[in-house]
Amino acid sequence: QLRLVESGGGLVQAGGSLRLSCAATGRTFYSYNMGWFRQAPGKEREFVGGVSSSGGSTYFAASVKGRFTISRDSAKNTVYLQMNSLKPEDTAVYYCARLVGALVADPADYEDWGQGTQVTVSA
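Right, let's walk through the structure included here. Please read these numbers as outputs of a predicted model, since none were measured by experiment.

What counts, and where the lines are drawn
- The residue numbering used here restarts from 1 in each chain and proceeds along that chain's sequence as written.
- Reporting of local features is limited, given that this is a predicted model, to residues whose pLDDT is at least 70; pairs of side-chain atoms are given and counted only at 80 or more, and all residues count toward the totals for whole chains, interfaces and linings.
- Here the side-chain values reflect all heavy atoms present in the structure, with hydrogen atoms and water set aside.
- A helix here means a DSSP run of H or I that spans at least four residues, while a strand means a run of E at least two residues long, and both kinds are numbered starting from the N terminus.
- To get the radius of gyration, use the C-alpha atoms; to get the globule rule, take the number of residues to the power 0.38 and multiply by 2.2 Å.
- Each residue's exposure class comes from its accessible area (1.4 Å probe, protein chains only) as a fraction of the maximum for that residue type: buried when under 20%, exposed when over 50%, partly exposed otherwise.
- Residue exposure ignores everything except the shown protein chains as possible cover, and the areas themselves are Shrake-Rupley values with a 1.4 Å probe.
- The charged-residue count follows a simple rule in which Lys and Arg add positive charge and Asp and Glu add negative charge, with His and chain termini not counted at all.
- Charge coordinates come from a single atom per side chain, which is NZ of Lys, CZ of Arg, CG of Asp or CD of Glu.
- What makes two residues a contact is simply this: any of their non-hydrogen atoms within 4.5 Å.
- Each salt bridge in this description consists of a side-chain nitrogen of Lys or Arg and a carboxyl oxygen of Asp or Glu lying within 4 Å of one another.
- Definition of a polar contact: a pair of N or O atoms within 3.5 Å, with one able to donate and the other able to accept a hydrogen when the atoms are protein atoms, and with sequence-neighbouring residues admitted only if both atoms are side-chain atoms.
- In this text, buried Ala, Val, Leu, Ile, Met, Phe, Trp, Tyr and Cys residues form a nonpolar core when linked through side-chain atoms within 4.5 Å.
- Following DSSP output, two strands are said to pair if at least two bridges run between them.
- The convention used is that axes are lines fitted to C-alpha atoms, helices contributing only their stretch in contact, and that angles between N-to-C directions extend from 0 to 180 degrees.

## A look at the overall build of the chain
Next, step 1: Tallying secondary structure elements over the chain gives zero helices and eleven strands in all.
Next, step 2: For the chain, the α and β elements follow one another from N to C terminus as β-β-β-β-β-β-β-β-β-β-β.
Next, step 3: Its C-alpha atoms give the chain a radius of gyration of 13 Å, within 12% of the compact-globule value 14 Å for 123 residues.
Next, step 4: Expressed as lengths along the three principal axes of its C-alpha atoms, the size of the chain is roughly 40 × 25 × 25 Å.
Next, step 5: The burial tally for the chain puts 43% of its 123 residues in the buried class.
Next, step 6: For the chain, the accessible surface area stands at approximately 6200 Å², while carbon and sulfur atoms represent 49% of it.
Next, step 7: Each charge class in the chain can be summarised by its mean position, and for the 12 positive and 10 negative side chains these summaries are 7 Å apart.

## Here we look at the environment of Val79
Next, step 1: Along the chain, Val79 turns up in strand 8 (residues 78-83).
Next, step 2: Relative accessible area serves as the criterion here: at 1%, Val79 is assigned to the buried category.
Next, step 3: Considering only alpha carbons, one finds Val79 and Ala23, 56 residues apart in sequence, at a separation of 6.6 Å.
Next, step 4: Sequence-distant contacts of Val79, that is, excluding residues within four places in its chain, are made with Leu20, Ser21, Cys22, Phe29, Met34, Trp36, Val51, Ile70, Ser71 and Arg72.

## A short note on the side chain of Arg72
Next, step 1: Inspection of the secondary structure puts Arg72 in strand 7 (residues 68-73).
Next, step 2: No salt bridge is formed by the buried Arg72, whose closest oppositely charged neighbour, Asp73, lies at an N-O distance of 8.5 Å.
Next, step 3: At 2.9 Å, the side chain of Arg72 and the backbone oxygen of Phe29 are in polar contact.
Next, step 4: One polar contact links the side chain of Arg72 to the main-chain carbonyl oxygen of Ser52, over a distance of 2.8 Å.
Next, step 5: With near-sequence residues (within four places) excluded, Arg72 lies in contact with Phe29, Tyr30, Tyr32, Asn33, Met34, Val51, Ser52, Ser53, Ser54, Gly55, Thr78 and Val79.

## Section: the nonpolar core
Next, step 1: Counting 32 residues, the largest nonpolar core has Met34, Trp36, Phe68, Val79, Leu81, Met83 and Tyr94 as the members making the most contacts within it.
Next, step 2: When residues of this core are assigned to their parent elements, the largest contribution, five residues, is made by strand 9 (residues 92-99).
Next, step 3: Residues contacting Leu81, with those up to four places away along its chain left out, are Leu18, Arg19, Leu20, Trp36, Val48, Phe68, Thr69, Ile70 and Tyr94.

## Considerations on the sheet that holds strand 3 (residues 18-25)
Adjacent strands of a sheet form backbone hydrogen bonds with each other and so pair up, either parallel or antiparallel.
Next, step 1: Overall, antiparallel pairing links the four strands, which are arranged 1-3-8-7 in an open sheet. With one partner strand each, in any of the chains shown, strand 1 (3-7) and strand 7 form the two edges of the open sheet. When the angles between neighbouring strand axes are averaged without regard to direction, this sheet yields 15°.
Next, step 2: In this sheet, strand 8 lies alongside strand 7 in antiparallel orientation, the contact comprising six bridges. Across the sheet, the residue bridging to Ile70 is Leu81, located in strand 8.

## Here's the deal with the side chain of Thr78
Next, step 1: Checked against the element boundaries, Thr78 lands in strand 8.
Next, step 2: Of note is the side chain of Thr78, whose polar atom sits 2.8 Å from the backbone oxygen of Lys76.
Next, step 3: Those residues within four positions of Thr78 in sequence are excluded, and the remaining contacts are Ser21, Cys22, Ala23, Phe29, Ser71, Arg72 and Asp73.

## So, the environment of Leu20
Next, step 1: Summarising the element assignment, Leu20 is placed in strand 3.
Next, step 2: Among the residues examined, Leu20 registers a relative accessible area of 0% and is labelled buried.
Next, step 3: Considering only alpha carbons, one finds Leu20 and Tyr80, 60 residues apart in sequence, at a separation of 5.6 Å.
Next, step 4: When near neighbours in sequence (up to four residues on either side) are disregarded, Leu20 contacts Ser7, Gly8, Gly9, Trp36, Val79, Tyr80, Leu81, Met83, Tyr94, Thr117 and Val119.

And the structure:
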């Protein structure tokens with residue numbers, strides 16, 4: 001089990017960038033695939049992207065591919081979501097979580113959700 005804390009959200013203009021962090025507490029952080037999700041008001045939680053336990057593989061939703069990148073620093077027990085070329089439709093609360101199942105885009109296959117960090121992109 002991990003305790004996850006997201007940070008780095010804020011207000012940014014369209015076209016700008018933000019880097020979100022997900023800091024984990026737990027000795028086995030290095031052994032888990034991690035994912036990022038987002039949830040806008042009135043919408044379901046949406047898969048954004050994920051990273052393998054080694055950090056060697058990343059995967060993204062079509063809506064953010066080419067604009068977002070994910071990395072992890074196991075020494076710091078932290079996963080990062082770098083968001084570039086932000087659009088107003090990226091506005092949401094962003095969450096990280098630990099993958100426990102086989103479906104990387106299904107929030108039901110994740111546990112240990114953080115509290116989220118708000119990202120607001122103005123037009």
